[in-house]
Amino acid sequence: MSKIAQAFKNGKAFIGFITGGDPSMEKSEEFIMEMVRGGADLVEIGIPFSDPMAEGLVIQEANIRALSAGATVDKIFDLVASVRQKIEVPLVFMTYLNPVFNYGYPRFFARCAELGVDGIIIPDLPFEEKGELADVAAGFGVDVISLIAPTSEQRIQQIAQEATGFIYVVSSMGVTGMRSEIKTDLPSILEVVRASSPVPTAVGFGINTPKQAGEIAKIADGVIVGSAIVKLIEKHGENAGSYIYEYVRSMKNAVSEQE
Amino acid sequence: MAKGRYGIHGGQYIPETLMNEIINLEKSYEYFKNDPEFNAELNKLLCEYAGRPSLLYYAEKMTKDLGGAKIYLKREDLNHTGSHKINNVLGQVLMAKKMGKTRVIAETGAGQHGVATATAAALLGLECEIFMGKEDTDRQALNVYRMQLLGSKVNTVISGTMTLKDAVNETFREWTARVHDTHYVLGSVMGPHPFPMMVRDFQSVIGQEAREQILKLEGKLPDAVVACVGGGSNAMGTFYHFIGDETVKLIGCEAAGHGIHTEKHAATIAKGRLGVFHGMKSYFCQDEYGQIAPVYSISAGLDYPGIGPEHANLHDTGRAKYVPISDDESVEAFEYLARTEGIISAIESAHAIAHVQKIAGTMSKDQIIIVCLSGRGDKDVAAIARYKGVSIDE
């Protein structure tokens, strides 16, 4: 069983995201620890990219802050190495294909395996193109997380059948970012996913309040939150740690109530 | 491996949210390209609205002056809206309408593709929004107003480097948010399949006409075909019907800005590396970690860090050659063409003219060069004046 499955063992999972190196690698490490202390079951670390096409403004700006502060793929690996000495929770990268391609797939996934990165989410690598790196990643035991969107329709079954780790269900059209309302018919999407795959499902994009998280946790195995956490970093900068802890704790409580 | 490959290049590297729409687009295109009714309508628009066929003009003074090969200019600058962009836009907007879309969106750099899209949307009755980087809305203010006159909304893009690549990012983001009623009219032979193929097909009218025209005028094929390359749509459209003619040299001119030995250029073939961006595998200007590089050219239309995947493959196979042309060389060619032939070309196209200046004299008088004059230069006059230190009031 993949290590990612452990994230879904303590009831409904809360998955938190930060962009690595925003505002610095030291602070990223602290923020990851705060998320875990607040109850995060899995942590997504964004490897910043110059042109994050699937991101809304909040995470775009986090990418710019991280890159301006000198973040590189190698420094993110160093961050993981340091974090891994302290925590056991599954870690997943979230990035775009070009930084991974440029690093070289075997070299990239060998380092993931060596340092304990359990999976990777690549929004610009759809099902049709996953042959690009699927075998290399699998060879190193790293799960390539599949995304399912509100527009996936007849593709859901096909994608879910080959999914590993967990399935990332995109709640809304458009890019990442906080939304007041989620209009997609998630129950019917999740029904098809469940019928096609035993892999746990987590829903992300737009979720930011405990109430929303609780609603989603009623129907999914996990809830993913990115922009709302990054927004705390945007607002509080280096002092965001305690705010992140409080926020993650409230979100984890909200999803836990849905056991 | 997925569809839409040119050697190792191409593919469909886009978010899942867009995949069904892209598959739908591909199916629609496969249907409409063989549909006699669609082709008749498109042909009517191209001939009666856009002014096709465009002239193949013998530049006699330039030929004599350079003292070598005969030079023919394929006058895409004479098309309605002033550039080759209208060829692709009429095809895509007409198709979008037939697909039941009510709204089109597009990126633009210099504004030529934005103006063309706004024009086609006005004509065919579709809502239109254009995304343009703030750098470009500032330096091409006249084109912003032009698009607004045509009934389009112009969104100023303030993310990233605020130029063409960021406008593409933002248009993709907008498309992801609203695919059900919206078609993205991509302006070059780039992006995910089927765009590189579809845009090339719509632009290939340039080379198809040029080939027929030169055979009629000279009774033989040209020795070289030259065009400027950013994403590469006018070059791909000009080259395509000559690819099978092995005696015809194909030469793409990319923007070397301040020079390829500096960091201020947009010379993707000369300085880029293989990567994956904007939906395609191709060559990109990028740093050692795969971050897309900020690029530079005096020409907003060539100011793009990548190149279409079919060009990347023509480079790999050696079928086409790509050469860097600097700002200085292109401005000199811009002035030369104005003085010699009385034609003010787009600064983009002047990159191709600059290369013709270099090679024509090395060729014999019975040889022929066709150069694609992809657009007219009204939009560039103020910028060239600034470049030359001339103070003018627009």
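Details of the structure are given in the entry above.
Note that the structure is predicted; figures quoted are calculated from it, not measured. (Residues numbered from 1 in each chain as written. Chains lettered and ligands numbered in written order. Predicted model: local features only at pLDDT ≥ 70, side-chain atom pairs only at ≥ 80, totals over all residues. Heavy atoms only, no water.)

Trainee: Can you walk me through the nonpolar core in this structure?
Mentor: One recurring pattern in soluble globular proteins is that nonpolar side chains are buried together. Phe166 and Tyr168 of chain A together with Trp175 of chain B are the most contacted members of the largest nonpolar core, which has 84 residues in total. In this structure, Val89, Phe109, Ala137 and Val225 of chain A belong to the second largest nonpolar core, which totals 73 residues. (Core = buried A, V, L, I, M, F, W, Y, C linked by side-chain atoms within 4.5 Å. Buried < 20%, exposed > 50% of the residue type's maximum accessible area, 1.4 Å probe, protein only.)

Trainee: Explain the sheet that holds strand S3 (residues 56–58) of chain B to me, please; I cannot follow it from the model alone.
Mentor: Whenever strands of a sheet pair, they do so through backbone hydrogen bonds, lying parallel or antiparallel. All names here are of chain B. Taken in spatial order, the six strands line up as S3-S4-S14-S9-S10-S13 in an open sheet, and their pairing is mixed. Only two strands of the sheet have a single partner each, and these edge strands are S3 and strand S13 (320–326). Within the sheet, the average angular offset between the axes of one strand and its neighbour, ignoring direction, is 30°. Taken strand by strand, helix H10 (residues 205–218) contacts S3, strand S4 (70–75) and strand S14 (368–373), and its axis lies near 140° from that of S4. Contacts from helix H13 (residues 309–317) reach strand S9 (224–229) and S13, with the element oriented near 110° to S13. (Pairing = 2+ DSSP bridges. Helix = DSSP H or I, 4+ residues; strand = E, 2+ residues; numbered from the N terminus. Axes fitted to C-alpha atoms, helices over the stretch in contact; angles between N-to-C directions. Contact = heavy atoms within 4.5 Å.)

Trainee: Quick question: what am I supposed to make of the state of the cysteines here?
Mentor: Any covalent bond linking the sulfur atoms of two cysteines counts as a disulfide. Residue and element names in this part refer to chain B. In the structure shown here, the tally under the stated rule is zero disulfides over all chains. Residue Cys285 stays outside any disulfide, its sulfur separated by 16 Å from that of Cys228, the closest cysteine. For Cys285, a relative accessible area of 5% translates into the label buried. (Disulfide = S-S within 2.5 Å.)

Trainee: Looking at this model, I keep getting lost on the side chain of Thr95 of chain A. Mind explaining?
Mentor: Residue and element names in this part refer to chain A. Residue position: Thr95 is located in the loop between strand S3 (91–94) and helix H4 (97–103). Within the local environment of Thr95, its side chain forms a polar contact with the backbone oxygen of Ile47, the two atoms lying 3.0 Å apart. Apart from residues lying up to four places away in sequence, Thr95 is in contact with Ile47, Val100, Ile120, Ile121, Ile122 and Pro123. (Polar contact = N/O pair within 3.5 Å; in protein donor to acceptor, adjacent residues only side chain to side chain.)

Trainee: I'm lost on the pairing of strand S5 (residues 103–108) of chain B in this one. Help?
Mentor: Each regular strand displays side chains that alternate between the two surfaces of the sheet. Residue and element names in this part refer to chain B. Burial of S5 is extensive: six of the six residues sit out of reach of the surface. Side chains of S5 alternate between two faces, with Arg103, Ile105 and Glu107 and Val104, Ala106 and Thr108 buried alike. Examined bridge by bridge, S5 and strand S6 (residues 127–133) share six bridges and lie parallel to one another. Across the sheet, residue Val104 finds its bridge partner in S6, namely Cys128. In terms of handedness, the path from S5 via helix H5 (residues 112–124) over to S6 forms a crossover that is right-handed. Across three bridges, S5 lies against strand S8 (residues 182–184) in parallel orientation. Across the sheet, Ile105 pairs through a bridge with Tyr184, a residue of S8. (Right-handed = clockwise from strand over helix to strand, strands pointing away.)

Trainee: Would you take a moment to explain the packing of aromatic side chains for this structure?
Mentor: Here the distance between the centres and the angle between the planes together describe a pair of aromatic rings. Tallying each qualifying case throughout the model produces 20 aromatic pairs over all chains. A centroid spacing of 5.3 Å and a plane angle of 35° characterise the contact between Tyr58 of chain B and Tyr72 of chain B, whose relative ring orientation is tilted. In this pair, Tyr58 of chain B sits in strand S3 while Tyr72 of chain B sits in strand S4, placing the two residues 14 residues apart along the sequence. Residues Phe172 of chain B and Tyr184 of chain B carry aromatic rings whose centres are separated by 5.1 Å and whose planes lie at 80° to one another, so their mutual orientation is edge-to-face. Remark: Tyr184 of chain B occurs in strand S8 and Phe172 of chain B occurs in helix H8 (residues 164–177); sequence separation between them is 12 residues. Tyr184 of chain B matches Phe172 of chain B in its accessibility class, with the two residues each being buried. An aromatic cluster of three or more residues is present, and its members are Phe77, Phe93, Tyr103, Phe108 and Phe109 of chain A. Between the NZ or CZ atom of Lys264 of chain B and the centre of the ring of Tyr296 of chain B, over which it lies, the distance is 5.3 Å. (Phe/Tyr/Trp six-rings, centres within 6.5 Å; stacked < 30°, edge-to-face > 60°. Lys NZ or Arg CZ within 6 Å of the ring centre and 35° of its normal.)

Trainee: Is there a simple way to think about the packing of helix H1 (residues 25–37) of chain A against helix H11 (residues 241–256) of chain A in this case?
Mentor: When two helices pack together, their arrangement is given by the angle between the helix axes and by the axis-to-axis distance. Residues and elements named next belong to chain A. H11 packs onto H1 with a crossing angle of 25° between their chain directions and a minimal axis gap of 8 Å. When the axes of H1 and H11 are compared, the pair comes out roughly parallel. For the crossing formed where H1 meets H11, the hand is right-handed. Of the residues in H11, those touching H1 at Glu30, Phe31, Glu34, Met35 and Arg37 are Gly241, Ile244, Tyr245 and Val248. Across the contact of H1 with H11, the residue classes tally to five nonpolar, one polar and three charged. (Parallel < 35°, antiparallel > 145°, perpendicular 65-115°, else oblique. Left-handed = near helix turned anticlockwise from the far one by under 90°. Nonpolar A, V, L, I, M, F, W, Y, C, P; charged D, E, K, R; others polar.)

In short, geometric facts, not functional conclusions.
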